[in-house]
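One-letter residues, chain by chain:
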Amino acid sequence: MTFTPHGKHLVAGEWTATDATFTSEPAHGQSHKFCVGTLQLVAQACTAAEAAFETYGYSSRDARAGFLAAIADEIEARGAEITEIGTQETGLPEARLDGERGRTCGQLRLFADHIREGDYLDRRHDAALPERAPLPRPDLKMMQRPIGPVAVFGASNFPLAFSTAGGDTAAALAAGCPVVVKGHAAHPGTGEIVAEAIHAAIWKTGMPVGTFNFIQDDGYDVGSALVQHPLIRAVGFTGSLRGGRALLDLCAARPDPIPFFGELGSINPVFCLPGAIENRAEVLGQGWAASLLMGAGQFCTNPGVALVVKGPQADMFAHATAAALRDAMPQTMLTDGIADAYTRGVAQITSTDGVQELVAETSKGRQAIAALYKVSASDWQAQKALSEEVFGPVGLVIEVENIDEMVTLAKSFEGQLICTLQMEDADMAHAARLLPVVERKAGRVLINGFPTGVEVADTMVHGGPYPASTNFGATSVGTLSIRRFLRPVCYQNIPDALLPEHF
């Protein structure tokens, strides 16, 4: 069955149209018209979410777990239709969309199991000591409580896993927080059908209608109004550094500043230690190229730079990477805007002093061609523009003189999502020097692999110091992500009958 979008917004349980519309720009297939959100609609959605919080925020863990599982069931029931419109809108292959749908549903069910166990509440109890001298101690209980309505921004590069029902939405709902999602204009039809799945799960489980709200928009006004609305208590965002920084500043400028959990930009450096390059130069080059090409390089985990000690083996590594990239076919990028930004970003690299071209970028339109460049460590440090993320299949080899310079360069990096060390046993001493440096730079440190995949698990950290993310103490992937939308409350001398059911 083919899904035909109706183009409306979901607010307070009702599909609502607005006068202005925008037209989708699919990679292939038919375009569709979608309603543009309004400031009035934002206010209605936030009010509905706040009203829902009075019930949903105090619902049982079992009830919320059942709701999360029902969302997964409803998404799976629409699986073929989601894949069809998702591939049309984004140009991503069917296998990628199917895998992303599985990840999204798996995360919803993982969170359901996690909140049933209750450990995420971090419950603590200091019993009263009425006879303690010189002063008695009151009875003290502490637990994590949901913060209230959360705004979530859909991501361009993950139409399922980081968008309508993705990580931020799933985490907020698991915590007990209603959600207002601003859909991404790159895949509005995909967002709509997933919103329909969540809407069906609300009716199936009897949750308040304002628990989930979905507003389409192709501009900035709705997003700006959403993060500034006084009923919104936190924001989840995955996107560009420029857009995320603008929203972060709006959140900070509110009369009541709220947390902004933004995942923004990262070049995810790969440190190739001498033993690894000596034994595996060609294999490492091929592996790095494959990681750069995955999804046309449109991953926040894309390893954009590789550091090597200059010499014949480093040349072999660069040659193997270049050969693999030259053999790659053009790939469709998610949007015309992202394709244009990729071309501009590569042009910025090529115009920088000291940069040597190894594979030229010759993209046309929305079809991306991979590119590779090389630069010395000294030229890298002299040109701040080289440290900025370029969203697409481009790699930059940074040649260092020795391990000392590699460690010095590592200390100069800004915050990253991931740092990777390619090493052999003979590199253990070098790795021991680098590890204390890179663990301060990144939320995840990887040995002998490539960082493009992100496992959804209890232990995963997808975040890091700025500009990788706006809160280095948080993650947007894994069960720990739920904690972003909770806050600790201490209950002093409160009768058990008045405590939240979860205690």
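We now turn to the structure provided with this report.

**Overview of the sheet that holds strand S17 (residues 371-376)**
Right, so step 1: Spatially, S15-S17-S18-S13-S12-S19-S20 is the arrangement adopted by the seven strands of the open sheet, whose pairing is mixed. Strands at the two margins of the open sheet, each flanked by one partner only, are strand S15 (356-359) and strand S20 (442-447). Each strand of the sheet is rotated relative to its neighbour by a mean of 20 degrees, with strand direction disregarded.
Right, so step 2: Bridging between strand S12 (residues 270-272) and strand S13 (residues 305-309) involves two bridges; their strand directions are parallel. Within the sheet, the bridge partner assigned to Val 270 lies in S13 and is Ala 306.
Right, so step 3: Against the sheet, helix H11 (residues 336-350) contacts S17 and strand S18 (394-400), and its axis sits at roughly 30 degrees relative to S17.
Right, so step 4: Against the sheet, helix H14 (residues 428-441) contacts S12, strand S19 (416-422) and S20, and its axis sits at roughly 150 degrees relative to S20.

**Details of the pairing of strand S6 (residues 140-146)**
Right, so step 1: In terms of burial, S6 is largely enclosed, as six of its seven residues are buried.
Right, so step 2: In terms of strand pairing, strand S5 (residues 124-126) meets S6 through three bridges, oriented antiparallel. Counted as the bridge partner of Asp 126 is Leu 140 from S6.
Right, so step 3: Judged from the seven bridges that link them, S6 and strand S21 (residues 486-492) form a sheet pairing that is antiparallel. The residue bridging Lys 141 from the neighbouring strand is Tyr 491, located in S21.

**Here we look at the pattern of salt bridges**
Right, so step 1: For the structure shown, the criterion picks out 20 salt bridges.
Right, so step 2: Residue Arg 109 is joined to Asp 73 by a salt bridge in which the shortest nitrogen-to-oxygen separation is 2.7 Å. Pair noted here: Arg 109 is in helix H4 (residues 94-117) and Asp 73 is in helix H2 (residues 61-77), with a separation of 36 residues, a long-range link.
Right, so step 3: In this structure Asp 73 comes out as partly exposed when scored by relative accessible area, which is 38%.
Right, so step 4: Residue Asp 496 pairs with Lys 141 through a salt bridge whose shortest N-O separation is 3.6 Å. Here Asp 496 is found in the segment after S21, whereas its partner Lys 141 is found in strand S6, with 355 residues between them in sequence.

**Notes on the packing of aromatic side chains**
Right, so step 1: Enumeration according to the criterion identifies eleven aromatic pairs in this entry.
Right, so step 2: Pairing Phe 261 with Phe 485 gives two aromatic rings, centres 5.8 Å apart and planes at 85 degrees, and the pair type is edge-to-face. Here the residue Phe 261 occupies a position in strand S11 (residues 260-263), and Phe 485 occupies one in the loop between S20 and S21, the gap between them amounting to 224 residues.
Right, so step 3: Pairwise contacts between aromatic rings join Phe 153, Phe 237 and Phe 260 into one cluster.
Right, so step 4: When the ring centre of Phe 158 is taken as reference, the NZ or CZ atom of Arg 96 above it lies at 4.7 Å.
Right, so step 5: The aromatic ring of Phe 261 is capped on one face by Arg 484, whose charged end is 5.8 Å from the ring centroid.

**Some words on the nonpolar core**
Right, so step 1: With 94 residues, the main nonpolar core has Phe 67, Ile 75, Phe 271, Trp 380, Ile 482 and Phe 485 as its most contacted residues.
Right, so step 2: Apart from the residues lying within four places of it in its own chain, the contact partners of Ile 482 are Phe 111, His 114, Ile 115, Tyr 120, Ala 171, Ala 174 and Ala 175.
Right, so step 3: The next biggest cluster of nonpolar side chains, apart from the first, holds 23 residues, and it includes Cys 46, Ala 151, Phe 237 and Phe 260.

Here is what the cut-offs are and how they apply
- Residues numbered from 1 in each chain as written.
- Predicted model: local features only at pLDDT ≥ 70, side-chain atom pairs only at ≥ 80, totals over all residues.
- Heavy atoms only, no water.
- Pairing = 2+ DSSP bridges.
- Helix = DSSP H or I, 4+ residues; strand = E, 2+ residues; numbered from the N terminus.
- Axes fitted to C-alpha atoms, helices over the stretch in contact; angles between N-to-C directions.
- Contact = heavy atoms within 4.5 Å.
- Buried < 20%, exposed > 50% of the residue type's maximum accessible area, 1.4 Å probe, protein only.
- Salt bridge = Lys/Arg side-chain N within 4 Å of Asp/Glu carboxyl O.
- Phe/Tyr/Trp six-rings, centres within 6.5 Å; stacked < 30°, edge-to-face > 60°.
- Lys NZ or Arg CZ within 6 Å of the ring centre and 35° of its normal.
- Core = buried A, V, L, I, M, F, W, Y, C linked by side-chain atoms within 4.5 Å.

Read these as spatial facts, not as claims about activity.
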